[in-house]
Structure formats: C-alpha cells, structure tokens
2 protein chains.
Amino acid sequence: MRDVCIIGIGQTPIGELWELGLRQLAFKALEAAVQDAGIERPEALFVGNMMAARLSDQAQLGALIADFAGWRGIEAVTVEAACASGGAAFQAAVRAVASGMVETAAVVGIEKMTEATGEAVTSGLATAADADYEQIHGLTFVALNALLMQRYMYEYHVPHEAFAGFPINAHRNAVNNPNAMYQREITPEIYARAPIIAPPINLYDSSPICDGAAAAILCPLEMARGLPGVKPIQVLASATATDCLNLDDRRNVISLDAARLSAEKAYQQAGIVPSDVDVFEVHDAFSIIAALSLEAAGFAEPGKATRLAEEGEIAITGRIPISTMGGLKARGHPVGATGVYEIVDVVTQLRGEAGANQVPDACIGMTQNIGGTGSTVVTHILGCI
Amino acid sequence: MRDVCIIGIGQTPIGELWELGLRQLAFKALEAAVQDAGIERPEALFVGNMMAARLSDQAQLGALIADFAGWRGIEAVTVEAACASGGAAFQAAVRAVASGMVETAAVVGIEKMTEATGEAVTSGLATAADADYEQIHGLTFVALNALLMQRYMYEYHVPHEAFAGFPINAHRNAVNNPNAMYQREITPEIYARAPIIAPPINLYDSSPICDGAAAAILCPLEMARGLPGVKPIQVLASATATDCLNLDDRRNVISLDAARLSAEKAYQQAGIVPSDVDVFEVHDAFSIIAALSLEAAGFAEPGKATRLAEEGEIAITGRIPISTMGGLKARGHPVGATGVYEIVDVVTQLRGEAGANQVPDACIGMTQNIGGTGSTVVTHILGCI
C-alpha cells in the first residue's frame, strides 16, 4: 500500500448558482484544483453526488464531467452514500492511488439543489432515509433529525438554547470565508427568535439548500515530494462504517455507532488519539448531528457536547476547533459536495492558508462526513508531512 | 499492490421479481456468494446500482443492504456509472483489496425495474444520456441505439438480418441457464418477423426490462490459496475508460473509443492479446452494442463483427464465445447488476461449472460492461490460477 497525498484543492462559492449547469459547476472546482496541483490531466476522476439523477435527470456524471474538463478517455465513476457521497468518493480516490493502479486521481463533490422545486428537494433528501420504514410514514429528513434532537434533549436534560453555540460558531467563522453562503454572524438572541422548522429544530439548527462543488487532487507521497511549489498534505487514515438507515432499529438512537466505529478505525490507522486532532471538520448538517458526531468521535462524553460549544472549545482558538470555514451550517451543505469541502477546509488549515480563521500550528486535521441520520460515516485524518 | 481473487459468486434468477424488495433481492445474491466463498462477513460492500433513487425512492443502498445482510457496521457505498455500475462497483472492490486496506470485499449489482411504470423506466434509462444535449430532444435510450445501428448499417453496408446471430446465440445459450429470463431459442424467422421498437431495432435487438442481483466475494490471492473447497479465480486486469455522453460529439460515432481504450488498458495489465481470451461476456444490451464492443475489443475488424455471428465464431465452440449464459439479451439486463452478472458468468466458465454451456478448457475470460452509448466502459480480465 502506497502513502497518498493531497496536492491540490479547489472549490466554488456556495449559493444559488443558477448560471452554472452540473458540468460547469464541477469543472470550476476541478480547474482550480489541477491548477493548484500543477498538473494537467489526472488519470482517474471520482465524483461524489447524491441527487443529480433525480433533480437534473442526469446519471453517469463521471464520464460527463471528465469529458467537459477536457479529460476525455480517463477512468471516471460516481460514488454515492447520501450526504456522505463526497467523503466516499474521496476514499475511492485514496484507494485508487494507494493500490498502485492510478498515479494521479481527481475527486469532485457536486450538488445542484436550488433549481428544483422545494418538494423535489425534500423528497430527494428523504431518499437517504429508509423508503419502507421511514419515508412511507411521511417522515422528511428534517423531521427525522428533529426526532433525534428531541430525544437527546429529553435523555440528557439539555435545553434547546444549549445548541446555540454550534450555529453561532459556524456563522462567525463564515464571515472570513469568501466561498461561504452566509458570511454574517448571528447572536444568541437571533437564534432564540428563529422560526421553528420541525420542533425543536429551528432555522439555525439546519443547514441550507444550496449548490456547490469542491475538488481535490491526489497522488503517491513519493511523487508529491518532488512537485515544485506544492505543500503536500498526507492522508493518514480513511475509514467508513455503517449503521441501519431506520432510526427505530438503532442500538441507541442518540449514539451514532457508525460515527464512533469510523472514528475508531481512523484513529487506529493514523496511530493517534482524539486529543492529537488540531482541527475537526464536523458534519453539522443539523446542530444535533454536530453534537452527536463530537461525542462519537471521542471529543465529548455522551450528553456533554453542547458544553464544548458553551465553553468556547469549538472556536478557532479552542481545544477542538470545528466548522472553521463556516461548516455545513454557514459555508453551506450541497450534499454530495460536502465531504470534499470538509477535506478542502482541513487542507487549507494544515497548509496554514486559512487567514483570519487559521488554527494555530494545525498539523493534524480530521473530517467526518455523515450520510442519512448516521447510516454511512466516512472519517478522514490528514496530516502535514 | 496485492493480487486479488474471486472466491465466491451468487445470483438471483432474472425476471419480474415483485415478491422481493431491493434489500431482499440484494441479500439473496450476497447470501449465495458468501456461502460459496465460505466466509461469514466481508469487511466492505460495494453496491452497483443505477436507478433505485428514482424508481424506488431509495439512496444509500450500501448501508441499507449491509445492515439487512447482517453485517451492520461494515464499510459500504454505492458506485454508479449508468449501465456500467456493476462493473464499476466490482472495480472499486478490486481496488479496496489490492490497496491492502480491505481483506474481504463483497460486491453486489442490483436493479429493480419492473415495479415502476414504463414511463418511469424509460426516463430513468435516459439519464444515462446527456440531459442537455440528448434528453432535451426527446431521445430515449433505445432511440439513441437505433441511431447507432442505422449509421453502422449505412456505413458498412450491413443488412439488418446480419445482426440476427447475436440474439439467436444468446437465446440458445440461455436455454441451459436456470437463472435466465428467457430460456428459449429463437430462429432467424422469428427474428425477421419481430416487431420494430425503434427502427431498425426490433424486439430481439434489445435487452429486456427486468429485476435481478448478482454478487461476488474478493480477497487477496495469498488468502484465497489457503481456503478449503474454493477454486479462486484471479483478477488479471481491471480498467475503466470514458467518452462523451452525447453521440454528436464522438470522434467516430460507430467506433466505441472508450471500449477500445478500456480493452487496451486491460490487455496491457494482463499481458495478453485478444486471441488469448477464451470467453468474452459482451455487453449485448442491443445487438449493435455487441457488434461495436467486439470490434473495439479487437475481436473483429470495423464493420465485420456480424460475420463472427454468421460464421458461428461467437458460439460456445467458436473462436470467441460470447453471451455464454444468455447475455444481456436472454439472461437479462437489470442494468446496475449486469456488470456483476458478467463476472459471475465468466467465473462459472473458468471454474468449469457451466454445464452444457461450458467453453472447453476456458482459462482466460473477459467482461466488458458499458454505460450509456459507450460513455463509460469497464473491462475485466479473469484467469485460472
């Protein structure tokens, strides 16, 4: 097995990008990534996407995007694991290079959500839930997360306002990210007054519907060392774990077993413990998922994650900085792209290029990309070399 | 890079399987495969599927199927490349094992098409074509293949009846395959009288709408050698190549460049030439695609593939036997499953377990799985060890 490095990253701003089709959007991110890496044509392309077949009537994005990028002929496929599609596509790229079968691999996460009707997006997101046991009851994806949050608040006696720290931190960090969808701060008062979407989830507990694409270029460590002007970031761990889709069959509904298992496998691969992690790009699609991910990954005891937020430990200068460029909440959550945005954000931190949001001396970073309500979880650990 | 072997195969009969949901259907194939391999729980699962999100409102099949199979927790994702999804998922499994990151990998290709309306299936299959440049004109997937066939007949002065040999061979071989959808022979007269679907494509030039699942288990060669009662089949080559989706932008519309490129890469990896191949599971979704694949893979000169059929060279006892268990035409074409059915058929031949359809002394077998009208092509070469 070869060691693998990230040698280029790229991203588009996140928002309502009606002027760009699927292929144009993906190309923008890939173009930036190959320029960053200083390569012209990767050998293989892995696309992370969840909903293009439903929302844009387009399958086979691998070949479509490879051709539009000017790379006709190269190997290209799509990897899907609901909202963890981006992380899963990144893992496929890592494997391709690690196996020795591919020298340079590109990965792009992409989702276009804002041109479809709200109904189409809501039913599209619901496909991440179990069609036979959850969707059939009319449960939307927000409703499922609301059930999780309600149960968490009840079991651990945590009031709703305790979650405010997560979106406040995310929005504060997004102010300095020109690619973020919401570059503005929110206050505890704004959080408290926010309209309820699905009780107890309010507007700021939930990430937005949006468009975006993020990309990365990978190659073997030995090749990366010889590239001029590149600061390679090594992939120290790549681990996926799963759970049932339907919440009713979980061992413990407020413990994300797949997130725990995925994080444990990743720590073992990297030979580190949670306290070694300098920056953690968490999957804050909902405030409750940020809390559950922090607990599953070993950064907080069960029921205590909101205290990390209350005590400032998730801030840039805190013990475990999260959502450092705005996270899913304020940077945005184009679902199939999110896992790659997380990678891009960690690479930005480890290169020391995060500007006003730079985590001091960041050397080890982690991403956790979550599909469904914790059904597929992909964890990556990256490190400076 | 580790050498990789197939140590187990499984399949369901292909047909209208209304009594089985997605998870049950996938499990039937996986259950047979793990029993065949003599293992209990693979470390990772790769699902090949194209249309479940549209036709069954279900994404995230990896986690769904892993859990239903009793393997909650394992790594699991879906790989999509239109009708080449099965082959692409198989390649992902090969990579996972070759990289050293996974010891035992399962792959399942699955598609359920018969519970949806004909309109839903037709528009679902059309997502393999370019939404902006082909679908928008109302081109269905059969219509695109009809354009290809018409052009081929015109350029090479090949009459329609010259294609009869492909479905006749496929149907003859399906008679002895209890898992085939159509276990009956057809004659040249039946072919000549068949209703036209999209001129010049008739009923027998086109593979059927159906449900099915096929599975395989992979592990490193060194582990495979030690397994009792298993005859391992080695993966000698695994290669994917792409072309543009839209036919109008092809270099030469009746030459499948991606199929040629993919086959050439595969031959190089395996260190063989086309004449070394004993059995070739071709992607005969349409008669015209069987012909173009045979030409692209080096088994016939451009414009001459139908002669292979006319001269009996594609029969079990011929120079290059194809569709040996019925192919996509008569065994059936549950789209996301097909690439894995092709692998299962070749393994069956190389193990010498193909019964009345056994290709004598088959030692090297090849599969070519084609997405869209030749936009993503995945070629695998397998060999006895």
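Conventions and cut-offs
- Residues numbered from 1 in each chain as written.
- Chains lettered and ligands numbered in written order.
- Predicted model: local features only at pLDDT ≥ 70, side-chain atom pairs only at ≥ 80, totals over all residues.
- Heavy atoms only, no water.
- Phe/Tyr/Trp six-rings, centres within 6.5 Å; stacked < 30°, edge-to-face > 60°.
- Helix = DSSP H or I, 4+ residues; strand = E, 2+ residues; numbered from the N terminus.
- Least-squares fit on C-alpha atoms with pLDDT ≥ 70 in both.
- Contact = heavy atoms within 4.5 Å.
- Buried area = accessible area lost by both parts, 1.4 Å probe.
- Salt bridge = Lys/Arg side-chain N within 4 Å of Asp/Glu carboxyl O.
- Polar contact = N/O pair within 3.5 Å; in protein donor to acceptor, adjacent residues only side chain to side chain.
- Core = buried A, V, L, I, M, F, W, Y, C linked by side-chain atoms within 4.5 Å.
- Buried < 20%, exposed > 50% of the residue type's maximum accessible area, 1.4 Å probe, protein only.
- pLDDT = per-residue confidence, 0-100.
- 1 Å grid on protein atoms, 1.4 Å probe; cavity = no way out; pocket = protein on both sides within 12 Å on 5 of 7 lines; lining within 4 Å.
- Points joined across faces, edges and corners; volume = space filled by probe spheres on them.
- Nonpolar A, V, L, I, M, F, W, Y, C, P; charged D, E, K, R; others polar.
- Pairing = 2+ DSSP bridges.

J.: Go over the packing of aromatic side chains, please, and point to the residues and values.
T.: Geometry of an aromatic ring pair is reported as the spacing of the ring centres plus the angle between the planes. Residues and elements named next belong to chain A. One pass over the structure, following the stated rule, counts 10 aromatic pairs over all chains. Between tyrosine 152 and tyrosine 156, the aromatic rings sit 4.9 Å apart at their centres with planes inclined by 75 degrees, giving edge-to-face as the arrangement. On the criterion of helical spacing, the pair formed by tyrosine 152 and tyrosine 156 is a turn pair, its members being 4 residues apart in helix α6 (residues 141-156). Ring pairing ties together the aromatic residues Tyr152, Tyr156 and Phe163, which thus form one cluster.

J.: Before we move on, can you summarise the relation of the copies chain B and chain A with the specific residues and values?
T.: Mapping chain B onto chain A calls for a screw motion: a turn of 180 degrees about the axis and a shift of 0.0 Å along it, with 0.0 Å RMSD after fitting. As the rotation angle and translation indicate, the two copies are arranged about a two-fold axis. Taking C-alpha positions as reference, the residue of chain B nearest the rotation axis is B:Ser99, located at 1.9 Å. When the interface residues of chain B are mapped onto chain A, 100% of them again fall at the interface, so both copies present the same face.

J.: Requested: an account of the environment of B:Leu17, with residues and values cited.
T.: Residue and element names in this part refer to chain B. Structurally, leucine 17 is set in the loop between β1 (4-11) and α1 (22-37). Separated by 354 residues in sequence, leucine 17 and glycine 371 place their C-alpha atoms 24 Å apart. Excluding its chain neighbours within four sequence positions, the residues that come into contact with leucine 17 are Thr12, Leu25, Lys112, Thr114, Glu115, Asp211 and Gly212.

J.: Could you give me a rundown of the interface of chain B and chain A, with the residues and numbers involved?
T.: Taken together, the contact between chain B and chain A spans 60 residues of the former and 60 residues of the latter. Contact between chain B and chain A buries roughly 4500 Å² in total, counting both sides, with carbon and sulfur atoms accounting for 49%. The tally of links from chain B across to chain A stands at 12 salt bridges. The partner of B:Arg23 in a salt bridge is A:Asp132, with the nearest N and O atoms 3.2 Å apart. Seen at the junction of chain B and chain A, the total is 34 residue pairs in polar contact (both at pLDDT 80 or more).

J.: Give me the nonpolar core: which residues, what numbers.
T.: One finds A:Ile6, A:Leu218, B:Ile6 and B:Leu218 to be the most contacted residues of the largest nonpolar core, which totals 83 residues. Apart from the residues within four sequence positions on either side, A:Leu218 is in contact with A:Val4, A:Cys5, A:Ile6, A:Phe90, A:Ala93, A:Val94, A:Val97, A:Glu103, A:Thr104, A:Ala105, A:Val107 and A:Val235.

J.: Account for the confidence of the model for chain A, with residues named and values stated.
T.: Residue-level pLDDT values for chain A average 97, and 100% of them are 70 or greater. For this predicted complex, the interface confidence comes out at an ipTM of 0.98, alongside a pTM of 0.98.

J.: Could you give me a rundown of empty space enclosed by the protein, with the residues and numbers involved?
T.: Counted under the stated rule, the structure contains 5 cavities of 30 Å³ or more. Each pocket or cavity is described by its volume, and for the largest cavity that value is around 220 Å³. For the largest cavity, the lining is made up of 19 residues, of which A:Met50, A:Ala53, A:Glu80, B:Met50 and B:Glu80 are closest to its centre. Secondary-structure elements contributing two or more residues to the lining of the largest cavity are α2 (52-55) and β3 (75-80) of chain A together with α2 (52-55) and β3 (75-80) of chain B. Here the lining of the largest cavity is composed, by residue class, of 11 nonpolar, 6 polar and 2 charged. Of the volumes computed, that of the second largest cavity is approximately 180 Å³.

J.: Now, about unusual backbone geometry: what can you tell me, with residues and values included?
T.: Here the bond from A:Pro199 into A:Pro200 is cis, since omega is 5 degrees, no more than 30 degrees from zero. Relative to the helices and strands, A:Pro200 resides in the loop between β5 (196-198) and β6 (201-202). In this structure, B:Gln60 takes a positive phi of about 55 degrees despite not being glycine. Structurally, B:Gln60 is set in the loop between α2 and α3 (61-68).

J.: Which residues make up the side chain of A:Thr376, and what values go with them?
T.: Secondary-structure assignment places A:Thr376 in strand β11 (residues 376-384). Aside from chain neighbours lying at most four places away, what touches A:Thr376 is A:Ala81, A:Ala84, A:Thr240, A:Ala241, A:Thr242, A:Asn369, A:Ile370, A:Gly371, B:Gln60, B:Ala63 and B:Ala76.

J.: For the pairing of strand β2 (residues 44-48) of chain A, give the residues involved together with the corresponding values.
T.: Residue and element names in this part refer to chain A. Burial analysis of β2 places 5 of its 5 residues in the buried class, which makes it a mostly covered element. On β2, burial covers both faces: Ala44, Phe46 and Gly48 on one face and Leu45 and Val47 on the other are all buried. Sheet topology note: the β2/β3 ladder contains 5 bridges and is parallel. Directly across from valine 47, in β3, lies its bridge partner threonine 78. Here β2 runs beside strand β4 (residues 105-111); their pairing, made up of 5 bridges, is parallel. Across the sheet, residue valine 47 finds its bridge partner in β4, namely valine 108.

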